[in-house]
Amino acid sequence: MPSLPHRRRNQQPQQEAPDQAVLYTLLQQTPPEHTPLRPVVLRSVAEQRRVALQHYLLRTWVDDTLAHTERLLLLVLLLLPLLWWLAIQGYDWLQAAYLHQPPVTAALAASLEDTALVPVDTSAPPAPALTTPADNATAPAPLQGAEPSLPFVAPATADAPDYIAPRPAVVPHTPVDPRPQRLVIASIGVDTPVIEVFVQDGVWQVADYAAGYHHGSALPGEIGNTVLAGHAGLRGAVFRNLSRVQVGDEVQVAAGGWRFVYRVRVLRSVWPTQVEVMHPTPTPVLTLITCTAWDTQRFIVIADLVDTRPA
């Protein structure tokens, strides 16, 4: 066994000897005179890059434009959530914190300005003027050049009879507005004012930061269909949780100094063209409408009147 490494060491020079002999032979030979030599060329880095990539497509101004456009679109996509929050949620927060006031429509303000007066009893004859010759004699004379004044009327005393018949006082009376003014759904935490909305350009308006009472629909408590609609995702989103309402929940509507209590009977989704949900009904019914399924459908809540109590 000890003799094996010794043999390998002795065999290694014998294997390398032929290779070294060939190398020495090649180094000693002179190259033939007719062999052409390639010239040495010095190029810049840009020129060398161009020569090396001349068989490939190079980057042009079109590629640069597309790259900048791609970065811009990526930046816009990243900023979209922030812009959405500022345009919708931020405005809602600002409206609720600093700018929110009870909404009053022009029609409601005009109706409140129309006041009725209590009729005055005019059956009693007018009272005679309490004038006497002596009183007229002691009355102060008008100034020269001034317009003639009215006859002096002596004030009534305790001894003098009172000829003035008692009349009822004229008291302004503000009529009670029978339209819905507030909507409360305790089961989903809704407590919002109600304002009247109208058809504009063939489409029903939707109230901001309130529920909208459809003009012309039945008044609360009356036979017919009382229609209220509201936003579900912006401008207050008063009906954002309307889909959580359960059959049997109570819905209260304040109007005309009364509180009308409805009980939910039907929950369903319809297409925007199914306007029959707003048609009149033979019984007092309340219909709540909001958008659903990314504004492709309408979520409908139908409730029946079960109680009426003073507000």
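The residue numbering used here restarts from 1 in each chain and proceeds along that chain's sequence as written. In view of the model being predicted, local features appear only for residues whose pLDDT reaches at least 70, and side-chain atom pairs are presented and counted only at 80 or more, with totals across whole chains, interfaces and linings using the full set of residues. Values shown for side chains rest on all heavy atoms present in the structure; no hydrogens or waters enter the calculation.

### What about the overall build of the protein?
Thought 1: Of the regular secondary structure elements, the protein holds five helices and 12 strands.
Thought 2: To sort residues, take the accessible area from a 1.4 Å probe on protein chains only and compare it with the maximum for the residue type: under 20% means buried, over 50% means exposed, and anything in between is partly exposed. Relative to its 311 residues, the protein shows a buried fraction of 23%.
Thought 3: The contact criterion used is simple: two residues touch if any of their non-hydrogen atoms lie within 4.5 Å. A separation of at least 24 residues holds for 61% of the contacts in the protein among residues at least 6 apart in sequence.
Thought 4: Surface exposure here means Shrake-Rupley accessible area, sampled with a 1.4 Å probe, where a residue is shielded only by the protein chains that are shown. Of the accessible surface of the protein, which amounts to about 23200 Å², a share of 61% is contributed by carbon and sulfur atoms. Put simply, DSSP H or I for four residues or longer makes a helix, DSSP E for two residues or longer makes a strand, and each gets a number counted from the N terminus.

### Some thoughts on the side chain of Asp-249
Thought 1: By the secondary structure assignment, Asp-249 is in the loop between β8 (224–229) and β9 (250–255).
Thought 2: Whenever a nitrogen or oxygen atom comes within 3.5 Å of another N or O atom, the pair is scored as a polar contact, on the condition that within protein one atom can donate a hydrogen and the other can accept it, and that pairs from neighbouring residues in sequence are kept only if both atoms are in side chains. Only 2.9 Å separates the side chain of Asp-249 from the backbone nitrogen of Gln-246, close enough to count as a polar contact.
Thought 3: Residues contacting Asp-249, with those up to four places away along its chain left out, are Ser-187, Tyr-262, Arg-263 and Val-264.

### Here's the deal with the sheet that holds strand β10 (residues 258–270)
Thought 1: Ordered in space as β3-β4-β7-β8-β11-β12-β10-β9, the eight strands form a closed barrel in which the pairing is mixed. Within this sheet the neighbouring strands show an average axis-to-axis angle of 30 degrees, counted without direction.
Thought 2: At least two DSSP bridges between two strands are needed for those strands to be called paired. As paired strands, strand β3 (residues 180–185) and β9 are joined by four bridges and run antiparallel to one another. Bridge assignment links Arg-182 to a residue of β9, and that residue is Ala-254. Between the N-to-C directions of two axes lies an angle of 0 to 180 degrees, each axis being a line fitted to C-alpha atoms and, for a helix, fitted only over the stretch in contact.

### Here we look at the nonpolar core
Note that soluble globular proteins tend to have their nonpolar side chains buried in a common cluster.
Thought 1: Here, nonpolar core means buried Ala, Val, Leu, Ile, Met, Phe, Trp, Tyr and Cys residues that are tied together by side-chain atoms lying within 4.5 Å of each other. In terms of nonpolar packing, the biggest core is built from 24 residues, with Leu-183, Ile-185, Leu-242, Val-251 and Leu-288 touching the most fellow members.
Thought 2: Contributing elements (two or more residues each) for this core: β3, β4 (190–197), β7 (211–214), β9, β10, β11 (284–292) and β12 (297–310).
Thought 3: What Leu-288 contacts, discounting residues up to four positions off in sequence, is Leu-183, Ile-185, Leu-228, Phe-239, Leu-242, Val-251, Phe-299, Ile-300 and Val-301.
Thought 4: Counting eight residues, the second-largest nonpolar core is a separate cluster that includes Val-270, Val-277, Ile-289 and Ile-300.

### Some words on the pairing of β9
Along a regular strand, successive side chains alternate from one face of the sheet to the other.
Thought 1: With five of six residues buried, β9 lies mostly within the body of the structure.
Thought 2: In this structure, β9 lies alongside β10, joined through six bridges in antiparallel fashion. Each bridged residue has a counterpart across the sheet, and for Ala-254 the counterpart in β10 is Arg-259.
Thought 3: Taken together, β9 and the strand that follows it, β10, pair antiparallel across an intervening segment of two residues, in which Gly-256 is found at a positive phi of about 60 degrees.

### Here's the deal with the pairing of β8
Thought 1: Burial analysis of β8 places six of its six residues in the buried class, the great majority of the element.
Thought 2: The sheet contact formed by β7 and β8 spans two bridges and is antiparallel. Residue Tyr-213 lies in a different strand from β8, and its bridge partner there is Leu-228.

### Looking at the pattern of salt bridges
Thought 1: A pair is scored as a salt bridge if a Lys or Arg side-chain nitrogen falls within 4 Å of a carboxyl oxygen belonging to Asp or Glu. In total, this model carries eight salt bridges according to the counting rule given.
Thought 2: In this structure, Asp-191 and Arg-182 form a salt bridge, with 2.7 Å as the shortest nitrogen-oxygen distance.
Thought 3: The class of Asp-191 is partly exposed, set by a relative accessible area of 47%.
Thought 4: Residues Arg-298 and Asp-295 are paired through a salt bridge, measuring 3.2 Å at the closest nitrogen-oxygen approach.
Thought 5: On the basis of relative accessibility, which here comes to 24%, the residue Arg-298 falls in the partly exposed class.
Thought 6: Judged by its relative accessible area of 48%, Asp-295 is partly exposed.
Thought 7: Connected through salt bridges with shared partners, the residues Asp-177, Arg-179 and Glu-196 form a single ionic network.

### Considering the side chain of Asp-177
Thought 1: Its place among the elements puts Asp-177 in the loop between β2 (172–173) and β3.
Thought 2: Of note is the side chain of Asp-177, whose polar atom sits 3.0 Å from the side chain of Arg-179.

### Quick word on the confidence of the model for the protein
Thought 1: The pLDDT score gives, residue by residue, the confidence of the prediction method on a 0 to 100 scale. A residue-level look at the protein finds 68% of positions with pLDDT of 70 or above and a mean pLDDT of 76.
Thought 2: The element-level mean pLDDT for the protein is lowest in strand β1 (residues 116–117), coming to 38, with β8 highest at 97.
Thought 3: Within the model, the stretch residues 100–156 combines pLDDT values under 50 with 46 contacts to residues more than four positions away or in other chains.

### Topic: unusual backbone geometry
Thought 1: A positive phi angle, near 55 degrees, is found at Asp-201, a position not held by glycine.
Thought 2: For Asp-201, the position within the fold is in the loop between β5 (199–200) and β6 (203–204).
Thought 3: Classification of Asp-201 by relative accessible area gives exposed; the value is 75%.
Thought 4: If you check the backbone angles, Ala-237 has positive phi at about 50 degrees while not being a glycine.
Thought 5: Looking at where Ala-237 falls in the secondary structure, it is placed in the loop between β8 and β9.
Thought 6: The class of Ala-237 is buried, set by a relative accessible area of 5%.

### Some points on a nonpolar patch on the surface
Thought 1: Patch membership needs two things, relative accessible area over 30% and no salt bridge, and members are linked within 9 Å if like-charged or within 5 Å if nonpolar (Val, Leu, Ile, Met, Phe, Trp, Tyr). A cluster of nonpolar side chains, contributed by Leu-72, Leu-75, Val-76, Leu-77, Leu-79, Leu-80, Leu-82, Leu-83, Trp-84, Trp-85 and Leu-86, occupies part of the molecular surface with about 1100 Å² of accessible area.
Thought 2: Considering the arrangement of structural elements, one finds Trp-84 in helix α3 (residues 61–99).
Thought 3: Assessed through its relative accessible area of 47%, Trp-84 is described here as partly exposed.

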